[in-house]
Amino acid sequence: MKFFIDTANLAQIREANELGILDGVTTNPSLMAKEGITGEKATLDHYKAICEIVDGDISAEVLSTDFKGMVEEGQKLAAIHPNIVVKVPMIKDGVKAIKWFTDNGIRTNCTLVFSAGQAILAAKAGATYVSPFIGRVDDISWDGLQLIEQLVHIYDVQNYQTQILAASIRNPMHIIKCAEIGADVCTCPLEPIVALLNHPLTDSGLKKFLQDAEKMKTAVAGQ
């Protein structure tokens, strides 16, 4: 399973990349706005900066909701760097745009997916990635992980090549479960990724090792 970081914060992207486990980045208009990125030029420049940090797929989202607008925006985004993947919403014109992008050699990430039916349409249109939102599904008292499991099964049965990119990850257990179920990618903020490092037995074990190492140094010095 590939690890993407879901942020537009360059410092966090660098930190995740320095871990050596980062495979890509996902962004959205809300994350860009959080970093104070406004205007077309600033947005395109910011995507360029991300591409200079990470050697992996970078999802850049269109803002238009009509077919023509999405195609025009997507072409500009795809021209930034070969690693750019155009992120398109799961709406009627979005599916049409994904098919157009597919036919014209532009990779896509179909976002705001909340059902198996939507994911089937995205795969049929040729999306490179489909992004089901686990956390938001959980928020309405459905089971986001069950949706991932369902999509893994359907895509396997139908031999769809679209990769399942689990999004709206809220905690480390979401990441672990996605890996267990068979998601191709998970994308999340830096915190859940770093939290995978943590375990109390690791902390206590390291503390004991360091204490014993200090005792050895003291014993050697006293000889």
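Computed from a prediction, not measured in an experiment: that's the story for all the values here.

Remarks on the pattern of salt bridges
In total, this model carries nine salt bridges according to the counting rule given. The closest approach of N and O atoms between Glu40 and Lys76, which form a salt bridge, is 3.1 Å. One end of the pair, Glu40, is in helix H3 (residues 40-53); the other, Lys76, is in helix H4 (residues 67-78), and 36 residues separate them in sequence. In this structure, Glu61 and Lys87 form a salt bridge, with 4.0 Å as the shortest nitrogen-oxygen distance. With Glu61 in strand S3 (residues 57-61) and Lys87 in strand S4 (residues 84-89), this residue pair connects regions lying 26 residues apart in the sequence. The class for Lys87 is buried, based on a relative accessible area of 5%. Through salt bridges with shared partners, a single network forms among Lys41, Asp45 and Lys48.

Considerations on H3
In this model, H3 (14 residues) spans 20 Å end to end at C-alpha, consistent with the 20 Å of a helix rising 1.5 Å per residue. The set of residues buried in H3 consists of His46, Tyr47, Ile50, Cys51 and Ile53. For H3, the angular spread of buried residues about the axis comes to 160°, placing them on one side. Of the exposed residues in H3, those oriented more than 90 degrees away from the buried face are Lys41 and Glu52. In this structure, the buried residues of H3 make contact with helix H1 (10-18), strand S2 (24-26), helix H2 (29-34), S3, H4 and S4.

Thoughts on the sheet that holds strand S5 (residues 108-113)
Across a sheet, strands are paired by hydrogen bonds formed along the backbone, either parallel or antiparallel in direction. In space, the eight strands of this closed barrel follow the order S1-S2-S3-S4-S5-S6-S7-S8, with parallel pairing throughout. Each neighbouring strand pair of the sheet contributes to a mean axis angle of 30°, computed without reference to strand direction. Pairing geometry for S4 and S5, over four bridges, is parallel. Within S5, the position partnered with Lys87 by the bridge is Asn109. Each of strand S6 (129-132) and strand S7 (163-166) touches helix H8 (residues 144-158); the most contacted strand, S7, lies at about 175° to it.

Notes on the side chain of Asp6
Along the chain, the position of Asp6 falls in strand S1 (residues 2-6). Of the buried charged residues, Asp6 lacks a salt bridge, with Lys87 as the closest side chain of opposite charge at 4.8 Å. Reaching out from Asp6, the side chain makes a polar contact with the side chain of Thr26 at a distance of 2.7 Å. Excluding its chain neighbours within four sequence positions, the residues that come into contact with Asp6 are Thr26, Thr27, Leu31, Thr187, Cys188 and Pro189.

A few points about the packing of aromatic side chains
This structure, assessed with the given rule, holds four aromatic pairs. The ring of Phe67 carries Lys96 above its face, with NZ or CZ at 5.4 Å from the centroid.

Remarks on H8
Along an α-helix, residues three or four apart share an orientation, since each turn contains 3.6 residues. Along its 15 residues, H8 runs 21 Å from first to last C-alpha, staying within 8% of the 21 Å computed at 1.5 Å per residue. For H8, the complete set of buried residues consists of Gly144, Leu145, Leu147, Ile148, Leu151, Ile154 and Tyr155. Buried residues along H8 sit against helix H6 (116-125), S6, helix H7 (134-139), S7 and helix H9 (172-181). Sitting at the head of H8, Asp143 places a side-chain oxygen 3.1 Å from the backbone nitrogen of Leu145. Backbone geometry just downstream of H8 places Asn159 in the positive-phi region, at approximately 60°.

Remarks on the nonpolar core
Core analysis: the biggest nonpolar cluster contains 57 residues, and Tyr47, Leu77, Ile84 and Ile169 have the highest contact counts within it. No other element matches H8, which puts six residues into this core. Once residues lying within four places of it in the same chain are set aside, the contact partners of Leu77 are Leu44, Tyr47, Ala60, Glu61, Val62, Ile84 and Val86. In terms of nonpolar packing, the next biggest core, distinct from the first, is built from seven residues, Tyr129, Phe133, Ala167 and Val185 among them.

Cut-offs and rules
- Within each chain, residues carry numbers counting from 1 in the order of the written sequence.
- Restriction of local features to residues with pLDDT of at least 70 applies here, the model being predicted, together with a cutoff of 80 or more for giving and counting side-chain atom pairs; totals for whole chains, interfaces and linings are based on all residues.
- By convention in this description, side-chain values take in all heavy atoms of the structure and omit both hydrogens and water.
- Salt bridge, as used here: a side-chain nitrogen of Lys or Arg that lies within 4 Å of a carboxyl oxygen of Asp or Glu.
- To qualify as a helix, a DSSP run of H or I must reach at least 4 residues; to qualify as a strand, a run of E must reach at least 2; elements of each kind are numbered from the N terminus.
- Relative accessibility decides the category of a residue: with a 1.4 Å probe and only protein chains considered, values under 20% of the type maximum give buried, values over 50% give exposed, and everything between is partly exposed.
- Working rule for helices: expected span equals 1.5 Å times residues minus one.
- Here the arc refers to the directions that run from the helix axis out to each C-beta atom.
- Residue contacts follow a heavy-atom distance rule, with two residues in contact if any of their heavy atoms lie within 4.5 Å.
- Any two strands with at least two DSSP-identified bridges between them are counted as paired.
- Lines are fitted to the C-alpha atoms to define the axes, a helix being fitted only along its stretch in contact, and any angle between axes, read from their N-to-C directions, falls within 0 to 180 degrees.
- Residues counted as positive are Lys and Arg, residues counted as negative are Asp and Glu, and His and the chain ends are not counted.
- We define a polar contact as two N or O atoms separated by no more than 3.5 Å, with the added condition that, inside protein, one atom must be a possible hydrogen donor and the other a possible acceptor, whereas residues neighbouring each other in sequence contribute only through side-chain atom pairs.
- Ring pairs are drawn from Phe, Tyr and Trp, using the six-membered ring of Trp, whenever the two centres fall within 6.5 Å, and their geometry is named by plane angle: stacked under 30 degrees, edge-to-face over 60, tilted for the rest.
- Counting as a charge over the ring demands two things of the Lys NZ or Arg CZ atom: a distance within 6 Å of the ring centre and an angle within 35 degrees of the ring normal.
- For this analysis, a nonpolar core means a set of buried residues of the types Ala, Val, Leu, Ile, Met, Phe, Trp, Tyr and Cys, connected via side-chain atoms within 4.5 Å.

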